[in-house]
Amino acid sequence: MLQKNKSQILFFILLNLFFSINSFAQKNLYAGIEIGRRAIKVSVLDVNNIRKADYDILYFATERFSFADHITANGELTQEDIDKASITVVNQLKKIKTDFKLLEGNIFIVAAPVFASARNIDVLKNKITSLTKKNLDILNVNEEPKTLVKGAIPPVDYPNAFLLDIGAQTTKGGYIDELEDDKLEFIPLELDFGTMTLTDAVQKTVANQNQANDMSVYQEKSFDFNSVLRKKVKDLLDKNPLLLKKDKIYLSGGAVWAFATLYYNENIKEHYVSLNMEDVLNYDAILKNNFTKFTSLSKTNTEAARVLSTYDQKYLISANNILVSCLESIPNLETKKIYFVKDGQTIWLISHIADRSKKVNTNF
């Protein structure tokens, strides 16, 4: 009888200990490990209100690799890529589990869409699963615009906003339309030009290619090409008249990051930075007429230096031409609110959290 009571007491102690340990795990903490094209990025978020995208970044780390280059060149990941990616994921997972009390279900590991084209992607997926007991999900390239919109726009603003993400190859984004029966429809947006493709298109218009890198020649041709760019933007807006009824515009991508970093020249802590057209035009004038201001800034400002190590003057001009053309084409812009989505590295993670939240309608 005594032995039986001891067994029952031990059982209740262990049960109580189990629930105590789980009660310490914070349900509002989420972590994401993204194996990207050229880096592995790790984020830990403390989400206060997912509907308003109210969260704090508790931890962020990045390690650079050349995954995309190897996939493009060979059609597969090298063994060194697989080993490095696996070791980095395991080490980072161990660190965030030690430093933060995370629920297993709140930790996500993903890889960029480019990894889907690697012939040996299953080798990496299987290795990470065997080492971490977690799945490695490949982000779907066809779902990327929707993921951007769901993660960049606060869910509370879904009915009243749209997103444009100015990337290297294209400008993409979209908006969410509310249908009957509480259903949602995602409407994608895409502009043929991105920062690098626009720069390439402008350079091809230079008759003497020996002058293609001459800044005065490039600026002249860039100005002439703006008429083509504006027509593309107008076509985009004409095909999506609902955009004009939206009161909020969310912007993401390298072009807007460059503008906010170089022009505001301060460590902005908000996740959403309020912008206005006057600042964008003033920045544009500096880019084209007084670029030394930014090169001087980069000597003392590490973030500005990071911008200029990523983009040269031509790319920055192209990036801002896209930004200006998009904003100038929107009627009654002065009545709209414009925001830069600063923490682009968390967008996919916020989208994952929103998908799993009972407080957010994701009935697409």
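Numbers given to residues run from 1 along each chain, matching the order in which its sequence is written. Since the coordinates come from a predicted model, pLDDT governs what is reported: local features require at least 70, and pairs of side-chain atoms require 80 or more to be given and counted, while whole-chain, interface and lining totals use all residues. With hydrogens and water excluded, all non-hydrogen atoms of the structure serve as input to the side-chain values.

Section: the pairing of strand β7 (residues 171-178)
Here comes step 1: Among the eight residues of β7, six are classified as buried, and the element is accordingly described as predominantly covered.
Here comes step 2: Judged from the five bridges that link them, strand β6 (residues 161-166) and β7 form a sheet pairing that is antiparallel. The residue bridging Leu164 from the neighbouring strand is Gly173, located in β7.
Here comes step 3: What sits between β6 and β7 in their antiparallel hairpin is a turn of four residues.
Here comes step 4: Only strands joined by at least two bridges in the DSSP assignment are considered to pair. Numbering of helices and strands runs from the N terminus, with a helix taken as a DSSP run of H or I at least four residues long and a strand as a DSSP run of E at least two residues long. Bridge count between β7 and strand β8 (residues 184-191): eight bridges; the pairing is antiparallel. What sits directly across from Gly174, in β8, is Pro188. Summary of the burial criterion: residues with accessible area below 20% of their type's maximum are buried, those above 50% are exposed, and those between are partly exposed, where the area comes from a 1.4 Å probe applied to protein chains only.

Digging into the sheet that holds strand β1 (residues 29-35)
Here comes step 1: If you walk across this open sheet you meet the five strands as β3-β2-β1-β4-β5, and the pairing is mixed. At either margin of the open sheet sits one strand with a lone partner, and together these are β3 (54-64) and β5 (137-138).
Here comes step 2: As paired elements, strand β2 (residues 39-49) and β3 share ten bridges and run antiparallel to each other. Paired with Val44 across the strands is Tyr59, a residue of β3.

With respect to the environment of Ala285
Here comes step 1: You can see Ala285 is positioned in helix α9 (residues 277-289).
Here comes step 2: A relative accessible area of 35% means that Ala285 is categorised as partly exposed.
Here comes step 3: Sequence-wise, Ala285 and Gly105 are 180 residues apart; in three dimensions their C-alpha atoms are separated by 49 Å.

So, the sheet that holds strand β10 (residues 272-275)
Here comes step 1: Taken together, the six strands give an open sheet; going across it, the order is β8-β7-β6-β9-β11-β10, and neighbouring strands pair in mixed fashion. This sheet does not close on itself; its edge strands, each paired only once, are β8 and β10. Each strand axis lies, on average, 25 degrees off the axis of its neighbour in the sheet, ignoring direction.
Here comes step 2: With four bridges connecting them, β10 and strand β11 (residues 337-341) associate as antiparallel partners. Its bridge partner lying in β11, Val273 is registered against Phe340. Whenever a helix is involved, its axis is fitted only over the stretch in contact; in every case the axis is a line through C-alpha atoms, and angles between N-to-C directions fall within 0 to 180 degrees.

Observations concerning empty space enclosed by the protein
Here comes step 1: Definitions used for this entry: grid spacing 1 Å over protein atoms alone; cavity, a set of points where a 1.4 Å probe fits but cannot get out; pocket, an open set with protein on both sides within 12 Å along at least 5 of 7 lines; lining residue, one with an atom within 4 Å of a point. Grid points are joined across faces, edges and corners, and a volume is the space filled by probe spheres set on the points. If you walk through the whole model with that rule in mind, you get one cavity of 30 Å³ or more.
Here comes step 2: Each pocket or cavity is described by its volume, and for the largest cavity that value is around 40 Å³.
Here comes step 3: Together, Phe162, Leu164, Val233, Leu236, Leu237, Leu243, Cys326 and Ile330 line the largest cavity.
Here comes step 4: Those elements that provide at least two residues to the lining of the largest cavity are β6 and α7 (215-239).
Here comes step 5: For the lining of the largest cavity, the class distribution of residues is eight nonpolar, no polar and no charged. Think of it as three bins: nonpolar holds Ala, Val, Leu, Ile, Met, Phe, Trp, Tyr, Cys and Pro, charged holds Asp, Glu, Lys and Arg, and polar takes everything else, Gly as well.

Notes on the packing of aromatic side chains
Here comes step 1: Each pair of aromatic rings taken from Phe, Tyr and Trp, with Trp reduced to its six-membered ring, is defined by centres within 6.5 Å and is described as stacked if the planes are under 30 degrees apart, edge-to-face if over 60, and tilted in the remaining cases. Applying the stated criterion to the full structure yields 13 aromatic pairs.
Here comes step 2: Between Tyr59 and Phe100, the ring centres sit 6.3 Å apart and the planes meet at 50 degrees, which makes this aromatic pair tilted. Note that Tyr59 is positioned in strand β3 and Phe100 in the loop between α3 (79-99) and β4 (107-111), a separation of 41 residues in sequence. Considered together, Tyr59 and Phe100 belong to a single accessibility category, that of buried residues.
Here comes step 3: Aromatic rings pair up to connect Phe259, Tyr263, Tyr264, Tyr283, Phe291 and Phe294 into one cluster.

Focus: the packing of α7 against helix α12 (residues 313-328)
Here comes step 1: Put simply, α7 and α12 touch, their axes get as near as 10 Å, and they point 30 degrees apart. On the basis of their axis angle, the class for α7 and α12 is roughly parallel. Along this stretch, α7 crosses α12, giving a crossing that reads as right-handed. For the pair formed by α7 and α12, the contact residues are Met215, Tyr218, Gln219, Ser222, Asn226, Leu229, Arg230 and Val233 on the first element and Gln313, Lys314, Ile317, Ser318, Asn321, Ile322, Ser325, Cys326 and Glu328 on the second. For this classification, under 35 degrees means roughly parallel, over 145 means roughly antiparallel, 65 to 115 means roughly perpendicular, and everything else is oblique. Crossings are sorted by hand: turned counterclockwise from the far helix by less than a right angle, the near helix makes the crossing left-handed, and turned clockwise it makes it right-handed. Whether two residues touch is decided by their heavy atoms; if any such pair falls within 4.5 Å, the residues are in contact.

Points about the pattern of salt bridges
Here comes step 1: A side-chain nitrogen of Lys or Arg and a carboxyl oxygen of Asp or Glu constitute a salt bridge if their distance falls within 4 Å. Tallying each qualifying case throughout the model produces 17 salt bridges.
Here comes step 2: As a salt-bridge pair, Lys248 and Asp157 come within 3.2 Å of each other at their nearest N and O atoms. Of the two residues, Lys248 is situated in strand β9 (residues 248-253) and Asp157 in the loop between α5 (144-152) and β6; the sequence distance between them amounts to 91 residues.
Here comes step 3: Relative accessible area serves as the criterion here: at 10%, Asp157 is assigned to the buried category.
Here comes step 4: Between Lys288 and Asp284 there is a salt bridge; the shortest N-O distance is 2.9 Å. Of this pair, Lys288 and Asp284 both sit in helix α9, four residues apart, which is roughly one turn of that helix.
Here comes step 5: For Lys288, a relative accessible area of 23% translates into the label partly exposed.
Here comes step 6: Residues joined in a network through salt bridges with shared partners are Lys97, Glu104 and Lys134.

Concerning the confidence of the model for the protein
Here comes step 1: For every residue, the predictor assigns a confidence score, pLDDT, that lies between 0 and 100. This prediction gives the protein a mean pLDDT of 90; 92% of its residues lie at or above 70.
Here comes step 2: Residue range residues 10-15 is modelled with pLDDT below 50. Its contacts to residues more than four positions away, or to other chains, number zero contacts.
Here comes step 3: For residues 17-24, every residue scores under 50 in pLDDT, and the model assigns this stretch one contact once sequence neighbours within four places are set aside.

Comments concerning the nonpolar core
Here comes step 1: The set of buried Ala, Val, Leu, Ile, Met, Phe, Trp, Tyr and Cys residues whose side-chain atoms join them within 4.5 Å is what this entry labels a nonpolar core. Judged by nonpolar contacts, the single largest core of 53 residues is most densely connected at Leu251, Leu275 and Leu316.
Here comes step 2: The residues contacting Leu251, other than those within four sequence positions of it, are Leu163, Leu164, Val256, Leu275, Leu323, Leu327, Ile338, Tyr339, Phe340 and Val341.
Here comes step 3: Membership of the second largest hydrophobic core comes to 31 residues, among which are Ile35, Phe100, Ile109 and Ala112.

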